[in-house]
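# Architecture and fold: a report
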Amino acid sequence: MILIINTSGTGIEFVLGDKYLHIDAEKQSIALPAAAEEFIKQSGIQWTDLTAIGVVTGPGSFTGIRLGIAYAKGLGLGLNIPVVPVNAFELYMAATPDAFVAIDSGRGDFFVASEHTAPCTMTIDELETRQMECPRTVGHIPFDLKHATGIVANKLAAGNTEPVVPMYLRPSYAETNKKC
């Protein structure tokens, strides 16, 4: 069984088979371990039943992404199972492969990607022009995390061993505001 973890937004999400849980959490770092334990228990399985863990690597909350990755890697190491990265663009495009994905960054620009555009940031002016490359634009509503299970399974079947690292499309606040 593949456990999916998403902490890239304001809450915590889990998927395991056909089971889904979203928890609003002010402090993800405090809520994540207990929420994961409760989700596994309510799903009627043991941790040792897991065969892999998928984790959303971004784009999204800088701290949330790092937390989710660290937690997933810790679980994977302890259970001796693979941890597989999944990004938000893959999740949107799993549902709508021919779409232009535009996610509001909350900082006056957008995280974007499509089959024609590598993940990057764009201004609204750039986005309005580039989105015409695709028949539809998505990203204005949340992605369906349930698609992550298939993405992880396909990566595992293909022997994909890409590293689980955060997907950052721009420097962090600390990097942009550092004083040397």
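Structure report, in brief.

A count of helical and extended segments in the protein gives six helices and nine strands. In terms of C-alpha radius of gyration, the protein reaches 17 Å, essentially the compact-globule figure of 16 Å for 180 residues. Oriented by its inertia axes, the alpha-carbon framework of the protein measures out at about 50 × 45 × 30 Å. Counting across all 180 residues of the protein, residues that qualify as buried make up 45%. Of the accessible surface of the protein, which amounts to about 9600 Å², a share of 55% is contributed by carbon and sulfur atoms. Taken together, the 13 basic and 19 acidic charged side chains of the protein have centroids lying 7 Å from each other.

What follows concerns the layout of surface pockets. Taken as a whole, the largest pocket spans an internal volume of roughly 740 Å³. Lining the largest pocket are 33 residues, and of these Ser8, Pro59, Gly60, Ser61 and Phe111 sit closest to its centre. Looking at the lining of the largest pocket, the elements with two or more residues in it are β2 (11-16), α2 (62-79), α3 (88-95), β6 (99-104) and α6 (173-177). Ranked by the residues each element gives to the lining of the largest pocket, the list is headed by β2, at three residues. When the residues that make up the lining of the largest pocket are grouped by side-chain class, the tally is 17 nonpolar, twelve polar and four charged.

Taken in spatial order, the five strands line up as β3-β2-β1-β4-β5 in an open sheet, and their pairing is mixed. The open sheet has two free edges, formed respectively by β3 (19-24) and β5 (83-86), since each of these has just one partner strand. Pairs of neighbouring strands in the sheet enclose a mean axial angle of 20°, with direction left out of account. Against the sheet, helix α1 (residues 28-42) makes contact with β1 (2-6), β2 and β3, and its axis sits at roughly 25° relative to β2, the strand it touches most.

A few words on the sheet that holds strand β7 (residues 110-113). Taking strand neighbours across the sheet as the criterion, the four strands line up as β8-β7-β6-β9 in an open arrangement whose pairing is mixed. Two strands lie at the open edges of the sheet, namely β8 (120-122) and β9 (136-138), each paired on one side alone. When strand polarity is set aside, the average angle formed by the axes of neighbouring strands in this sheet is 35°. Across three bridges, the pairing between β6 and β9 is parallel. Its bridge partner being in β9, Phe100 is matched across the sheet by Thr137. Where α3 meets the sheet, its contacts fall on β6, β7 and β9, and the angle it forms with β6 comes to roughly 140°.

Burial along β5 is two-sided: Val83 and Pro85 and Val84 and Val86, pointing in opposite directions, are all buried. Note that strand β4 (residues 52-56) and β5 share four bridges and pair parallel. What sits directly across from Ile53, in β5, is Val83. Taking the sense of rotation as the criterion, the β-α-β connection linking β4, α2 and β5 turns out right-handed.

Each value, and the rule that gives it
- Residues numbered from 1 in each chain as written.
- Predicted model: local features only at pLDDT ≥ 70, side-chain atom pairs only at ≥ 80, totals over all residues.
- Heavy atoms only, no water.
- Helix = DSSP H or I, 4+ residues; strand = E, 2+ residues; numbered from the N terminus.
- Rg over C-alpha atoms; globule rule 2.2 N^0.38 Å.
- Buried < 20%, exposed > 50% of the residue type's maximum accessible area, 1.4 Å probe, protein only.
- Areas by Shrake-Rupley, 256 points an atom, 1.4 Å probe, with all protein chains shown as cover.
- Lys, Arg positive; Asp, Glu negative; His and termini not counted.
- Charge placed at Lys NZ, Arg CZ, Asp CG, Glu CD.
- 1 Å grid on protein atoms, 1.4 Å probe; cavity = no way out; pocket = protein on both sides within 12 Å on 5 of 7 lines; lining within 4 Å.
- Points joined across faces, edges and corners; volume = space filled by probe spheres on them.
- Nonpolar A, V, L, I, M, F, W, Y, C, P; charged D, E, K, R; others polar.
- Pairing = 2+ DSSP bridges.
- Axes fitted to C-alpha atoms, helices over the stretch in contact; angles between N-to-C directions.
- Contact = heavy atoms within 4.5 Å.
- Right-handed = clockwise from strand over helix to strand, strands pointing away.

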